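Architecture at a glance
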Amino acid sequence: MSVVTLYINDRLVSGRVGQTLLKVARENGIEIPTLCYLEGLEPWGGCRLCMVEVEGQGKLQAACLTEAREGLAVHTDSERLLAWRRMIVELLLAERNHTCAVCVVNGHCELQALAAKLGVDHVRYDYLHPALAMDVSQERFGLDHNRCILCTRCVRTCSEIEGACTWAISGRGITSRVTADLDRPWGKSTTCTDCGKCVQMCPTGALYKKGATVGEMVREKTHLQQVMERRQRSGK
Ligand code: FES
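Residues numbered from 1 in each chain as written. Predicted model: local features only at pLDDT ≥ 70, side-chain atom pairs only at ≥ 80, totals over all residues. Heavy atoms only, no water.

Attention now moves to unusual backbone geometry. Glycine aside, a negative phi is what most residues show, and trans is what most peptide bonds show. Non-glycine residue Asp 10 carries a positive phi angle of around 70°. Following the sequence through the fold, Asp 10 ends up in the loop between β1 (3-8) and β2 (11-16). The backbone phi angle of His 129 is positive, close to 35°, even though this residue is not glycine. Of note, His 129 is situated in the loop between α3 (110-117) and β6 (134-135). Judged by its relative accessible area of 33%, His 129 falls in the partly exposed class. (Helix = DSSP H or I, 4+ residues; strand = E, 2+ residues; numbered from the N terminus. Buried < 20%, exposed > 50% of the residue type's maximum accessible area, 1.4 Å probe, protein only.)

Counted under the stated rule, the structure contains zero disulfides. Of all cysteine sulfurs, the one in Cys 109 lies closest to Cys 100, which takes part in no disulfide; the gap is 6.2 Å. Judged by its relative accessible area of 30%, Cys 100 falls in the partly exposed class. Lacking any disulfide linkage, Cys 148 is separated from the closest cysteine sulfur, that of Cys 154, by 6.3 Å. (Disulfide = S-S within 2.5 Å.)

This paragraph deals with the sheet that holds strand β7 (residues 141-144). Read from one edge to the other, the open sheet built from three strands follows the order β6-β7-β10, with strand pairing classed as antiparallel. The two strands at the open ends of the sheet, each matched to only one other strand, are β6 and β10 (207-209). Relative to β7, β6 runs antiparallel, the two sharing two bridges. Paired with Asp 135 across the bridge in β7 is Leu 143. (Pairing = 2+ DSSP bridges.)

It is worth spelling out the sheet that holds strand β5 (residues 73-75) at this point. Strand order in the open sheet made by the five strands is β2-β1-β5-β3-β4, with mixed pairing throughout. Since the sheet does not close on itself, it has two edges, and those belong to β2 and β4 (61-62), each with one partner. Of the strand pairs in this sheet, strand β3 (residues 51-54) and β5 are connected by two bridges, and their pairing is antiparallel. Bridged to Val 54 within β5 is Val 74. Against the sheet, helix α2 (residues 79-95) engages β3 and β5, with an angle of about 160° to β3. (Contact = heavy atoms within 4.5 Å. Axes fitted to C-alpha atoms, helices over the stretch in contact; angles between N-to-C directions.)

The following block contains the structure:
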């Protein structure tokens with residue numbers, strides 16, 4: 001197995017050839033915030049929270065997609081990056097409705113935790129809060145578009161892990177929505193297997209278990225890992 005050595009935050013670290021900067025950083029105990037990335041799913045590069053500075057390159061690079069190369073000098077925690085990440089979190093909070101006090105994942109939400117960690121105590125942008133309809137047509141689960149940050153973790157989990165391909169993103173830009181079976185009510189989906197994996201992988205309260213009260217929806221973070229390990233063991 002070939003090894004690459006590089007500098008992250010002026011520290012000499014090593015990783016395996018083909019690994020991304022994010023993986024190398026995490027394996028060396030260096031945290032880079034992410035929202036769309038989830039270990040076990042194909043990286044997508046949508047949230048842009050994992051952007052890092054690579055010396056010699058003017059543009060910021062997405063750590064979840066950029067391959068670690070020999071001799072790179074990478075910075076993950078500069079003032080510029082902190083300001084960038086704060087801005088992204090603020091834009092997410094401004095775009096839809098993330099009123100934590102009435103959200104079922106209050107206290108267990110990755111967006112909320114990230115905002116707190118980055119010191120986002122106010123939002124500099126106008127709130128859009130478009131009052132989107134909820135989809136409660138599914139028997140066990142609900143979809144609240146108002147909480148969705150379009151990270152596509154549900155879409156990728158459904159296609160890559162469950163193989164059902166129920167979820168997709170329809171629309172463009174600010175009108176984008178997660179939709180089931182090319183825009184049917186979730187409860188009318190003929191592909192959904194009712195497995196609930198998408199609900200477990202959602203970082204916010206967009207996908208939730210019906211009947212959960214505020215602050216009750218704890219995500220089973222090891223769920224995906226367990227599914228993958230079992231599949232590997234059974235050779236599927
Ligand atoms: Fe890299 Fe979202 S984690 S872009």
